[in-house]
Amino acid sequence: MTADAMAPGAEIVLRALKAQGVEVIFGYPGGAVLPLYDALFQQNHIRHILVRHEQAAVHAAEGYARSTGKVGCVLVTSGPGATNAVTGLVDALMDSIPIVCLTGQVPTHLIGNDAFQEADTTGITRPATKHNYLVKRSEDLARTVHEAFYVARSGRPGPVVIDLPKDIQINPAPWTEAPETPHRSYRPQTEPDAGAIGQAIALLKGARRPVVYTGGGVINSGPEASALLVEFVRMTGFPCTNTLMGLGAYPAGDPQFLGMLGMHGTYEANLAMHGCDVMLNIGARFDDRVTGRLNAFSPDSRKIHADIDPSSINKNVPVDVPIVGDAAAVLRALIAAWKADKTKPDARALAQWWKQIDAWRAVDCLKFTQDTKPGSIIKPQYALRRLYEITRELGRETFITTEVGQHQMWAAQYLGFQKPNHWMTSGGLGTMGYGLPAAMGVQIAHPDALVVDVAGEASTLMNIQELGTLAQYRLPVKVFILNNEYMGMVRQWQELLHGSRYSESYSAALPDFIKLAEAFHGKGLRATSVDQLDAVIREMLATDGPVIADICVDPKENCFPMIPSGAAHNEMLLGPGQARSGAAVTDAGLVLV
Amino acid sequence: MSASTEQRSATISVLVENEAGVLARVIGLFSGRGYNIDSLTVAPVEADGRRSRITIVTSGTEMVIEQIKAQLDRLVPIHKVSDLSQEGPYLARELALIKVVGTGEKRIEALRIADAFRARVVDASIESFVFEMTGATDKLDAFLELMRPLGLAEVSRTGIVAIARGPKTI
């Protein structure tokens, strides 16, 4: 198409999407997006996946984006379509997932008149997005779509909304190619400053008790960043821990990997963070779930923080060496500078540090006891361990999504992630109902892979309508429910902090998940005792279609280790039967979430 | 960076793309993250009207002010963020329109003080004046204090605009 060719706005939008590499769009039609749906009907480049709720469209796009590294794309109508999408947008904002969400809007001449299905979408989504646009002139349309994709994927990725009034979708609009010139104002720095890299290397070479702590930024930077992280960690001999969002960047099971850190992180990871003398943070943001009580966080360390978002640096924790840059670029620079610097690291101190870490490891903080006598109740940790072992045996490419709560933390603890982009979870926002739609999006992107939504019975009901989407598109997602008949994490906090008063946290009147699966044309399975577990897992994995596996687990099980809110890393609660190093929750901690 | 709890005031100049919603973005950032706005002014500053300049006076610890600047800087339509109070000497001015209502001695006294403060009379009636005054915030405050017993009826202030001294630009 030539630069001055005109076409209806809806066609221009789809051309721009195609030019931006969009292959799939998750959406739900409505009055204000009918022209776009009509244009979708008349083309074959972009596949539309009809979800059952707009929140699920965004989560599906998140799963798609996080498992492919591409920008996820969403299309919803005005008013309730847009407001339903808001939770997904904030989720993507908190976890830095690139999304472009097209929302319909009432025609420009009706904006502000409280028209049918009108909402102030740009107003509502302003704090819910990285950026948003309302297109009021047809000549801005193509440029805006191109720009939205640039903004969504550049720097720290995030969701972008384009609000499209219906007349703009209908009226002729000019086509323009994506600009080749840099954006007029948004140009994030990706290459790190050489001076900062030099300071970082000086600290790292002199470290006696170092730790490398990485987050979602390494995943977002692309698989190369994870490969560089492995190279750097192996080269230095340093211990490495990942945040919840960063799991998979460093292969679990590697001797230098300490597991996840934070509130439900491992004993060794948290104590290494507490006791280190030099901390290298790459692409993590010192989130409160990671730091615990701030004034007791890693008190004796010099801190290096590399992040593509300068506002993440010195936000919660003051650091000694700030490095602004993309994780892969930073790691590449660190590797080169480490090699170029002839200083010998203190091998004896490092060996001593590893000895200490091994002693912490010997506590075996993820130990649990499963009674294997037939008829015994299933421990949730055991269910996940078996899921992990059996999927590994099968050797299929496996993607895991989760809902939010205990099962999510257990999944993070017990499923050893080997590769980046294979683990999708709602970290920042903690959105119950994320896992099922996210799994849909992953499965659309990877039709031949095994996609398992590790779920809780309460969370998964929050977007259970998506079983319809699974059926329609024959998406063989496996919903693996650790059913403890409680909002487990709420119950755990009520037990530990509120005198075991289980206020409203019991999952009463649960559906029969087998019948529920069947009602949506899938298969339902159930395991109520330990001897049934393996067979259910194997049948679930062997089934060529959507499955709900209802794994009835011990309702009383708590998720340990745990750093109670307001406590420090060295005040962790360990599981029953293990020594407690921790203190009780303080009044100051009680107000924290 | 130190985690000092000492508060300071900061005058921040922000050059922004002059597009719909940009001011809402800036204000939303401050309210959403709980930062103070002591004063905020905005107007287009380029001949083609494509860019506006926002001047924000805020306060907080050093860490908070650094955070405010970083948060502003990552907004998509923002071109430049400059902490004038940190980057050398600068000028900060505000303009006020001040209505004083009264008659007799008080009216004469008001006029005399206005003259001393170099406030201009921009409107007058038999029983009122509107003064226009430009200056540093404390000068305006001092003038308003003196006008209070003389029939100060209404004030409209612009908030602070600021610029660095010398040849350096934003």
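Residues numbered from 1 in each chain as written. Chains lettered and ligands numbered in written order. Predicted model: local features only at pLDDT ≥ 70, side-chain atom pairs only at ≥ 80, totals over all residues.

Draft legend 1. Representation of the overall build of chain B within the structure. Each helix and strand counted, chain B has four helices and nine strands in total. Expressed as lengths along the three principal axes of its C-alpha atoms, the size of chain B is roughly 60 × 40 × 35 Å. Burial status across chain B gives 26% buried among its 170 residues. Once local pairs closer than 6 in sequence are excluded, the contacts in chain B between residues at least 24 apart make up 75%. (Helix = DSSP H or I, 4+ residues; strand = E, 2+ residues; numbered from the N terminus. Buried ≥ 20, exposed ≤ 12 C-beta atoms within 10 Å, placed from the backbone. Contact = placed C-beta atoms within 7 Å.)

Draft legend 2. Structural detail: the overall build of chain A. A count of helices and strands for chain A gives 23 helices and 20 strands. What you see for chain A is a C-alpha radius of gyration of 24 Å, in line with the 25 Å of a compact globule of 593 residues. Taking the principal axes of its C-alpha atoms as reference, chain A extends roughly 70 × 60 × 45 Å. Burial status across chain A gives 56% buried among its 593 residues. (Rg over C-alpha atoms; globule rule 2.2 N^0.38 Å.)

Draft legend 3. Spotlight on the confidence of the model for chain B. Per-residue pLDDT for chain B averages 95, and the proportion of residues at 70 or more is 99%. Reported confidence for the predicted complex is 0.93 by ipTM and 0.96 by pTM. (pLDDT = per-residue confidence, 0-100.)

Draft legend 4. Region of interest: the pairing of strand β7 (residues 128–135) of chain B. All names here are of chain B. As paired strands, strand β5 (residues 90–101) and β7 are joined by eight bridges and run antiparallel to one another. Paired with Lys-99 across the two strands is Val-130, which belongs to β7. Relative to β7, strand β6 (residues 120–125) runs antiparallel, the two being bridged by five bridges. Residue pairing in the sheet places Ser-125 in a bridge with Ser-128 of β7. Remark: two residues form the turn of the hairpin made by β6 and β7, two consecutive strands paired antiparallel. (Pairing = 2+ DSSP bridges.)

Draft legend 5. Spatial organisation of the packing of helix α10 (residues 223–236) of chain A against helix α13 (residues 327–340) of chain A. Residue and element names in this part refer to chain A. For the pair α10 and α13, the least separation of the axes is 9 Å and the interaxial angle reads 30°. One element, α10, and the other, α13, form an angle in the roughly parallel class. Handedness of the crossing formed by α10 with α13: left-handed. Between α10 and α13, the contacting residues are Glu-224, Ala-225, Leu-228, Leu-229, Glu-231, Phe-232, Met-235 and Thr-236 on the first element and Ala-327, Ala-328, Leu-331, Arg-332, Leu-334, Ile-335 and Trp-338 on the second. Looking at the contact of α10 with α13 residue by residue, the class counts come to 11 nonpolar, one polar and three charged. (Axes fitted to C-alpha atoms, helices over the stretch in contact; angles between N-to-C directions. Parallel < 35°, antiparallel > 145°, perpendicular 65-115°, else oblique. Left-handed = near helix turned anticlockwise from the far one by under 90°. Nonpolar A, V, L, I, M, F, W, Y, C, P; charged D, E, K, R; others polar.)

Draft legend 6. Region of interest: the interface of chain B and chain A. Residue-level contacts link 21 residues of chain B with 16 residues of chain A. Looking at the side of chain B that touches chain A, the elements with two or more residues in it are α1 (22–33), α2 (62–73) and β4 (78–83) of chain B. The dominant element in the side of chain B that touches chain A, judged by the number of residues it contributes, is α2(B), at six residues. By residue class, the composition of the side of chain B that touches chain A is nine nonpolar, seven polar and five charged.

Draft legend 7. Region of interest: the environment of A:Lys303. You can see A:Lys303 is positioned in strand β13 (residues 302–307). Once residues within four sequence positions are removed from consideration, A:Lys303 is found in contact with A:Met279, A:Asn281, A:Val317, A:Val319 and A:Asp320.

Draft legend 8. Looking closely at the packing of helix α1 (residues 9–19) of chain A against helix α2 (residues 34–41) of chain A. Residue and element names in this part refer to chain A. The N-to-C vectors of α1 and α2 enclose an angle of 60°; their axes lie 8 Å apart at closest approach. With respect to their mutual orientation, α1 and α2 come out oblique. α1 and α2 meet at a crossing whose hand is right-handed. Contact residues: Ala-10, Glu-11, Val-13 and Leu-14 in α1; Pro-35, Leu-36, Asp-38, Ala-39 and Leu-40 in α2.

Draft legend 9. Summary view of the sheet that holds strand β7 (residues 159–165) of chain A. All names here are of chain A. With parallel pairing, the six strands of this open sheet are ordered in space as β3-β2-β4-β5-β7-β6. Looking at the sheet topology across the chains shown, the edges are occupied by β3 (47–50) and β6 (131–134). Across this sheet, the average inter-strand angle for adjacent strands is 20°, counted without regard to direction. Direction of pairing for strand β5 (residues 99–105) relative to β7: parallel, over a ladder of seven bridges. Residue pairing across strands places Gln-105 opposite Pro-165, the latter belonging to β7.

Draft legend 10. Region of interest: the sheet that holds strand β15 (residues 398–402) of chain A. Residues and elements named next belong to chain A. Sheet architecture is open: six strands sit in the order β16-β15-β17-β18-β20-β19, paired in parallel fashion. At either margin of the open sheet sits one strand with a lone partner, and together these are β16 (423–424) and β19 (523–527). Helix α16 (residues 406–414) rests against β15, β17 (450–456) and β18 (478–483) of the sheet, and its axis sits at about 135° to β17.

Draft legend 11. Fine view of the pairing of strand β4 (residues 72–76) of chain A. Residue and element names in this part refer to chain A. For β4, a buried count of five out of five residues is recorded, marking the element as mostly surrounded by other parts of the structure. Burial along β4 is two-sided: the face carrying Gly-72, Val-74 and Val-76 and the face carrying Cys-73 and Leu-75 are both buried. As paired strands, β4 and β5 are joined by five bridges and run parallel to one another. When the sheet's bridge partners are listed, Val-76 is paired in β5 with Thr-103. For the crossover from β4 across helix α4 (residues 80–94) to β5, the handedness is right-handed. (Right-handed = clockwise from strand over helix to strand, strands pointing away.)

Draft legend 12. Examining helix α3 (residues 54–68) of chain A more closely. All names here are of chain A. The end-to-end C-alpha distance of α3, which contains 15 residues, comes to 21 Å, matching closely the 21 Å that a straight helix rising 1.5 Å per residue would cover. The buried count for α3 comes to 14 of 15 residues, which makes it a mostly enclosed element. Two residues or fewer past α3, Gly-69 is found with a positive phi of approximately 80°. (Expected span 1.5 Å × (residues − 1).)

Draft legend 13. Here's a closer look at the nonpolar core. Ranked by size, the top nonpolar core spans 208 residues in total, and within it A:Val13, A:Ala57, A:Val74, A:Ile99, A:Val100 and A:Ile551 carry the most contacts. Beyond its immediate sequence surroundings of up to four residues, A:Ile99 is in contact with A:Val58, A:Ala61, A:Glu62, A:Ala65, A:Val71, A:Gly72, A:Val74, A:Ala92, A:Ala152, A:Pro159 and A:Val160. B:Ile98, B:Ala110, B:Ala114 and B:Phe131 belong to the second-largest nonpolar core, a separate cluster that totals 13 residues. (Core = buried A, V, L, I, M, F, W, Y, C linked by C-beta atoms within 7 Å.)

Draft legend 14. Structural detail: the environment of A:Cys552. Residues and elements named next belong to chain A. In this fold, Cys-552 is placed in strand β20 (residues 547–552). By C-beta crowding, Cys-552 is classed as buried, having 21 other C-beta atoms within 10 Å. The contact partners of Cys-552, leaving out residues within four places of it in the chain, are Ile-378, Asn-483, Arg-526, Ala-527 and Thr-528.

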